Amino acid sequence: MTEALILSTWSFALEANRSAWAQLAAGGASLDAVEAVCRHVEEDTEVDSVGLGGLPDAAGDVSLDACVMLSPAQSGSVCAVTKQLYVTSLARAVMEHTPHRLLAGAGAERFAVERGFETHELLTERARTTYESWLADAGSVGPQNIDPSLEEHHDTVGSLALDTSGALAGACSTSGMRFKTPGRVGDSPIPGHGLWVHPQHGACVATGSGELMMGSNTAFLAVEEMRRGAPVEDALRGAIERTAEEHELEPEDQVALLGLRPDGSWAAMSLRPGFRAILSVNEEPKLIEPASLWSA
Ligand code: SD4
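The shown structure was predicted, so the numbers you read here are calculated from the model rather than taken from an experiment.

This next bit is on helix 9 (residues 232-245). Helix length check: helix 9 (14 residues) gives 20 Å between terminal C-alpha atoms against 20 Å at 1.5 Å per residue, within 8%. The inward-facing, buried residues of helix 9 abut strand 8 (202-208), helix 7 (210-216), helix 8 (218-227), strand 9 (255-260) and strand 10 (266-270).

What follows concerns the packing of aromatic side chains. Inspection of every chain in the model, using the stated rule, returns 5 aromatic pairs. Here tryptophan 10 and phenylalanine 275 contribute two aromatic rings whose centre-to-centre distance is 5.0 Å and whose plane-to-plane angle is 80°, an arrangement assigned as edge-to-face. Linking tryptophan 10 in the loop between strand 1 (5-9) and helix 1 (14-25) with phenylalanine 275 in the loop between strand 10 and strand 11 (277-280), this pair joins segments that are 265 residues apart in sequence. Look at tryptophan 134 and phenylalanine 179: their rings are 4.4 Å apart centre to centre, the planes differ by 10°, and that puts the pair in the stacked class. Note that tryptophan 134 is positioned in helix 5 (residues 125-138) and phenylalanine 179 in the loop between strand 6 (168-174) and strand 7 (195-198), a separation of 45 residues in sequence. Exposure remark for phenylalanine 179: the relative accessible area of 0% places this residue in the buried category.

What follows deals with the pairing of strand 1. Of all 5 residues making up strand 1, 5 are buried, and the element is well covered by its neighbours. Covered by surrounding structure in strand 1 are Leu5, Leu7 and Thr9 together with Ile6 and Ser8, the residues of both alternating faces. By the bridge criterion, 4 bridges tie strand 1 to strand 5 (residues 157-162) in an arrangement that is antiparallel. Paired with serine 8 across the strands is serine 159, a residue of strand 5. Two elements, strand 1 and strand 11, share 4 bridges in a ladder whose sense is antiparallel. Looking at the pairing, isoleucine 6 lines up with serine 280 of strand 11.

Turning to its location among the elements, arginine 178 is positioned in the loop between strand 6 and strand 7. Side-chain polar atoms of arginine 178 contact the side chain of aspartate 48, separated by 3.0 Å.

For the rest of this paragraph, the subject is the pairing of strand 7. Of the two faces of strand 7, the one holding Leu195 and Val197 and the one holding Trp196 and His198 are both buried throughout. Note: strand 7 against strand 8, 4 bridges, orientation antiparallel. Opposite histidine 198, over in strand 8, you have glycine 202 as the bridge partner. Hairpin connection from strand 7 to strand 8: 3 residues lie between these consecutive antiparallel strands.

A separate point is the sheet that holds strand 7. Strand order in the open sheet formed by 5 strands is 7-8-9-10-13, and the pairing between neighbours is mixed. Bordering the open sheet on either side are strand 7 and strand 13 (291-292), each of which pairs with just one other strand. As paired strands, strand 10 and strand 13 are joined by 2 bridges and run parallel to one another. The partner of methionine 269 across the bridge, within strand 13, is alanine 291. Those strands touched by helix 8 are strand 7, strand 8 and strand 9, and its axis lies near 150° from that of strand 8. Its contacts with the sheet place helix 9 against strand 8, strand 9 and strand 10, and it is angled at close to 25° to strand 10.

Turning to helix 3 (residues 87-97), a few remarks are in order. Across the 11 residues that make up helix 3, a large majority, 9, are buried. Here helix 3 has its buried residues at Val87, Thr88, Ser89, Leu90, Ala91, Arg92, Ala93, Val94 and Met95. Along its buried surface, helix 3 packs onto helix 2 (30-43), strand 2 (64-71), strand 3 (74-81), strand 4 (102-104), helix 4 (105-114) and strand 6.

Conventions used here
- Residues numbered from 1 in each chain as written.
- Predicted model: local features only at pLDDT ≥ 70, side-chain atom pairs only at ≥ 80, totals over all residues.
- Heavy atoms only, no water.
- Helix = DSSP H or I, 4+ residues; strand = E, 2+ residues; numbered from the N terminus.
- Expected span 1.5 Å × (residues − 1).
- Contact = heavy atoms within 4.5 Å.
- Phe/Tyr/Trp six-rings, centres within 6.5 Å; stacked < 30°, edge-to-face > 60°.
- Buried < 20%, exposed > 50% of the residue type's maximum accessible area, 1.4 Å probe, protein only.
- Pairing = 2+ DSSP bridges.
- Polar contact = N/O pair within 3.5 Å; in protein donor to acceptor, adjacent residues only side chain to side chain.
- Axes fitted to C-alpha atoms, helices over the stretch in contact; angles between N-to-C directions.

Listed below in structure tokens is the structure:
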């Protein structure tokens, strides 16, 4: 029997990991665990980068992206969803109930209603107030006016899990870059960019500047390194270095990865300091402060 494990991005996943643990430890499926972690963060109005309470785009509309993945043949995603809260569950429904991989915008909303998902207002009063002060400070609407210090906080919840049967699963959910250009979709819902899972070789989930991950297929690259036999830590380092090399980086850019193999070995690493992860190998989730490749 394999030892169960959940590894999730950022300290906001502490309670989420805790809430998903009991079921996983009792023999539950890794897919259920990563979905539960993401749902917990989607409901948390204190988190301004995922689900309810997520900050809107430059036009004031909140739009969400999510992905779930079990294998190259089994993934589901949604993007640019504006009226649904549980987008990770919706991505799972795409995987389980359609022949497709990704549903976007109005089509995803329609599918959600057909599947019985309830619609939600995603913009909270707090997020509206933050948006309005950004708008007032920016002078005009446009991503060029985003304060770089704000961007440091655009954070996806990503979760990887291994269940007692040895099955890997991954999921991620985000409202994307705050005050993004309307219509912008990042790496998170695109398999290979923000998330990749191969049942035999390993899994990787990314958080950080989506445009970088989208230029380098970062999550796929990390798992490909694992497929070639690299230990998880080396695989993550290789994928982060390659992503950094292939782009001209802005001071606020971040590339942060979690990796997990079916043998239970795992790693967390980032380009710049500040990344945090939550590891569950028993009831008490543990905060991880991963190494960064650069010092600032
Ligand atoms: C994105 N990587 O949309 C995602 C979300 C994010 O830190 O910004 N995460 O770019």
